[in-house]
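Residues per chain are reported as follows:
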Amino acid sequence: MELNQTLTTGEFEGLIRQKEALMIYFYQDRCGVCKMLFPKVKNLMENQFPKIELIVLDADKNRELAAQLRMLAVPGILVFFDSKEFLRSNGLVTINELESKIERPYGLFFG
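Only a predicted model underlies this, so the values are computations on that prediction, with no experimental measurement involved. (Residues numbered from 1 in each chain as written. Predicted model: local features only at pLDDT ≥ 70, side-chain atom pairs only at ≥ 80, totals over all residues. Heavy atoms only, no water.)

Here the structure, examined in full by the defined rule, presents one disulfide. The disulfide bridge from Cys 31 ends at Cys 34, spanning 2.4 Å between sulfur atoms. An S-S torsion of about 85° defines the bridge between Cys 31 and Cys 34 as right-handed. (Disulfide = S-S within 2.5 Å.)

What follows deals with the pairing of strand E2 (residues 53-58). Within E2, six of the six residues are buried, which leaves the element mostly enclosed by the surrounding structure. Side chains Glu 53, Ile 55 and Leu 57 of E2 all project onto a buried face; the interleaved residues Leu 54, Val 56 and Asp 58 project onto the opposite face, where all are buried too. By the bridge criterion, six bridges tie strand E1 (residues 21-27) to E2 in an arrangement that is parallel. Residue Tyr 27 lies in a different strand from E2, and its bridge partner there is Asp 58. (Buried < 20%, exposed > 50% of the residue type's maximum accessible area, 1.4 Å probe, protein only. Helix = DSSP H or I, 4+ residues; strand = E, 2+ residues; numbered from the N terminus. Pairing = 2+ DSSP bridges.)

Spatially, the four strands line up as an open sheet ordered E2-E1-E3-E4, and their pairing is mixed. Each having just a single partner strand, E2 and strand E4 (84-90) make up the two edges of the open sheet. This sheet shows a mean twist of 15° between the axes of neighbouring strands, independent of strand direction. Here E1 pairs with strand E3 (residues 76-81) via six bridges, running antiparallel. Paired with Phe 26 across the bridge in E3 is Gly 76. Relative to the sheet, helix H1 (residues 9-18) contacts E1, E2 and E3, its axis offset from that of E1 by approximately 145°. Lying over the sheet, helix H2 (residues 32-47) contacts E1, E2 and E3, oriented at roughly 165° with respect to E1. (Axes fitted to C-alpha atoms, helices over the stretch in contact; angles between N-to-C directions. Contact = heavy atoms within 4.5 Å.)

Rendered as structure tokens:
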């Protein structure tokens with residue numbers, strides 16, 4: 001599920017409670033790193049971590065939520081398992097780094 005809308009804090013918290021595994025990807029249209037990284041992240045989720053639902057949020061349209069979550073740089077990535085935050089990344093991250101940080105908790109939850 002990909003969203004290009006605004007989420008309130010309540011809606012966000014509801015999503016975290018509903019989903020077993022969730023990745024939130026904050027981006028901005030004018031962010032070159034966001035545009036370069038997103039297809040790789042999407043591919044990684046689809047092929048290696050298919051049980052993690054990916055939600056994409058425009059940081060400009062979701063400024064309040066981004067600020068509350070301390071997502072101060074884009075791309076901003078949050079990964080939750082069982083309503084708990086397992087990964088937080090602000091700014092540049094490599095796809096290998098992302099994969100290695102998700103692999104263990106994913107294996108524990110879905111292995």
